[in-house]
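Summary of the model geometry
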Amino acid sequence: MAIGFEQALSVHAYALEVRSRRAEILAANLANADTPNYQARDIDFKATLAGLQGRSGTLKTTHPTHLQGGGDTPGELLYRMPDQMSIDGNTVEEEQEKSAFSDNALRYQASLQLLNNRVQGLLTAIRGE
Amino acid sequence: MSLFNVFDISGSALRAQAIRLNTTAGNMANIDSISSSTATTYRARQPVFAAQLDAAEGESGGVEVLGIVESQAPLRREYRPDHPLADSQGYVNLPNVNPVEEMANMISASRSYQSNVEVFNTSKQMLMRTLSLGE
């Protein structure tokens, strides 16, 4: 019986990747909370994760203007719709971004814990103790 | 690894907010800097923020300070004929610093600074836990 790392670590490795990307985007939103005309961005976690798992279907791009072979681009940056407009055109709502960031950080740690358990399981299997 | 970028992003925000706090401090400190001519009078200063665009990724990065602009609001003029800096008509020029605006700015900058520190710390914890994976 062969156990590949890909199967052993399952979805959690991908989830961590998407979570860390989302953390970066949310941090950029919070950093630009006072920048005039800045528009808050976010990604669709589910679509991005699905895109990452089916990686073979997407083309590797080395330039932002390169086109994908068809279908939606996984991990595409979307714009957040603000509940209230601000006078300087900034669409960052700090409370929303903060709660999204905390939520994202907790889920990251949850994925990390699950991944850690997988690694521990593999180690037990390797040692055979 | 995206999490390392968070340090750059939050770091740039901390720097920008610190500059904002500094200009506010400068404005408040100079609120009574009297001058005899309009050209040499202190004028309220404000930093201009802009989003850094990460050209290679097409994604947004942190925040940068494009420069510091001086307020073009009219200066305050007061009639103080016995003041040593009074002009020929007995007027002195006072800076166009609005203390209410400056205090609001200061609170906003300090809150933003705090939330970016929070982001920084949380990301650091996430990375530290990732580094100890499998131990």
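Definitions and cut-offs
- Residues numbered from 1 in each chain as written.
- Chains lettered and ligands numbered in written order.
- Predicted model: local features only at pLDDT ≥ 70, side-chain atom pairs only at ≥ 80, totals over all residues.
- Heavy atoms only, no water.
- Helix = DSSP H or I, 4+ residues; strand = E, 2+ residues; numbered from the N terminus.
- Rg over C-alpha atoms; globule rule 2.2 N^0.38 Å.
- Buried < 20%, exposed > 50% of the residue type's maximum accessible area, 1.4 Å probe, protein only.
- Contact = heavy atoms within 4.5 Å.
- Patch = residues over 30% accessible without salt bridge, like charges linked within 9 Å, V, L, I, M, F, W, Y side chains within 5 Å.
- Areas by Shrake-Rupley, 256 points an atom, 1.4 Å probe, with all protein chains shown as cover.
- Salt bridge = Lys/Arg side-chain N within 4 Å of Asp/Glu carboxyl O.
- Expected span 1.5 Å × (residues − 1).
- Bend = angle between axes of the 7 residues up to and from the residue.
- Buried area = accessible area lost by both parts, 1.4 Å probe.
- Polar contact = N/O pair within 3.5 Å; in protein donor to acceptor, adjacent residues only side chain to side chain.
- Phe/Tyr/Trp six-rings, centres within 6.5 Å; stacked < 30°, edge-to-face > 60°.
- Lys NZ or Arg CZ within 6 Å of the ring centre and 35° of its normal.
- Core = buried A, V, L, I, M, F, W, Y, C linked by side-chain atoms within 4.5 Å.
- Arc of directions from axis to C-beta.
- 1 Å grid on protein atoms, 1.4 Å probe; cavity = no way out; pocket = protein on both sides within 12 Å on 5 of 7 lines; lining within 4 Å.
- Points joined across faces, edges and corners; volume = space filled by probe spheres on them.
- Nonpolar A, V, L, I, M, F, W, Y, C, P; charged D, E, K, R; others polar.

As a further point, take the overall build of chain B. Helices and strands together make up the secondary structure of chain B, namely 2 helices and 4 strands. Sequence-ordered secondary structure for chain B, helices as α and strands as β, is α-β-β-β-β-α. The globule rule puts the C-alpha radius of gyration for 135 residues at 14 Å, and the 22 Å found for chain B is more than 25% above it. Projecting the C-alpha coordinates of chain B onto the three principal axes gives extents of approximately 80 × 30 × 20 Å. Considering chain B as a whole, with its 135 residues, one finds that 39% of them fall into the buried category. Long-range pairs, those at least 24 residues apart, make up 60% of the contacts in chain B between residues at least 6 apart in sequence.

Attention now goes to a nonpolar patch on the surface. On the surface, V48, L66 and V69 of chain B cluster together into a nonpolar patch covering about 250 Å² of accessible area. Tracing the sequence through the fold places L66 of chain B in strand β2 (residues 59–70).

The next subject is helix α1 (residues 5–31) of chain A. All names here are of chain A. Between its terminal C-alpha atoms α1 stretches 37 Å, which fits the 39 Å expected from 27 residues at 1.5 Å a residue. At V11, α1 is deflected by roughly 55 degrees, the largest bend along its length. With respect to burial, α1 is a largely interior element, 20 of its 27 residues being buried.

Right, let's talk about the interface of chain B and chain A for a bit. In many analyses, interface size is given as the accessible surface area lost on bringing the parts together. Taken residue by residue, the interface counts 34 residues in chain B and 29 residues in chain A. Buried surface at the junction of chain B and chain A, both sides included, amounts to about 2600 Å², of which 58% is carbon and sulfur. Along the contact surface separating chain B from chain A lie 1 salt bridge. As a salt-bridge pair, R20 of chain B and D34 of chain A come within 3.0 Å of each other at their nearest N and O atoms. Linking chain B with chain A are 10 residue pairs in polar contact (both at pLDDT 80 or more). Only α1 (2–29), β1 (45–54), β2 and α2 (99–131) of chain B provide two or more residues apiece to the side of chain B that touches chain A. Top element by residues in the side of chain B that touches chain A is α2 of chain B. It accounts for 11 residues.

Moving on, we come to the packing of aromatic side chains. If you walk through the whole model with that rule in mind, you get 2 aromatic pairs over all chains. Centroid distance F7 of chain B to F120 of chain B: 4.9 Å. Interplanar angle 50 degrees. Geometry classified as tilted. Highlighted residues: F7 of chain B in helix α1 and F120 of chain B in helix α2, separated in sequence by 113 residues. In this structure, R19 of chain A is placed above the aromatic ring of F45 of chain A, and the distance from its NZ or CZ to the ring centre is 3.7 Å.

Here we come to the nonpolar core. Counting residues in each nonpolar core, the largest one holds 29 residues, and the members touching the most others are A27, F101 and Y108 of chain A together with L3, V119 and M126 of chain B. Secondary-structure elements contributing two or more residues to this core are α1 and α3 (94–127) of chain A together with α1 and α2 of chain B. Sort the elements by how many residues they give to this core and α1 of chain A lands first, with 8 residues. Residues Y14, V18, I43 and L77 of chain A belong to the second largest nonpolar core, which totals 8 residues.

All names here are of chain A. What helix α2 (residues 45–53) keeps buried is the set T48, L49, G51 and L52. Viewed along the axis of α2, the buried residues span an arc of 160 degrees, placing them on a single side of the element. For α2, the secondary structure elements touched by its buried residues are α1. Put simply, D44 is the residue that caps the front of α2, since its side-chain oxygen is 3.3 Å from the backbone nitrogen of K46.

Before going further, it helps to spend a moment on unusual backbone geometry. Not every positive phi belongs to a glycine, and N37 of chain A is a case in point at roughly 65 degrees. Relative to the helices and strands, N37 of chain A is located in the loop between α1 and β1 (41–42).

Estimated volume of the second largest pocket: approximately 280 Å³. Lining the second largest pocket we find 14 residues, and of these A33, D34, N90, V92 and E94 of chain A sit closest to its centre. Broken down by secondary-structure element, the contributors of at least two residues to the lining of the second largest pocket are α3 of chain A together with α2 of chain B. A breakdown of the residues in the lining of the second largest pocket according to their chemical character gives 3 nonpolar, 6 polar and 5 charged.

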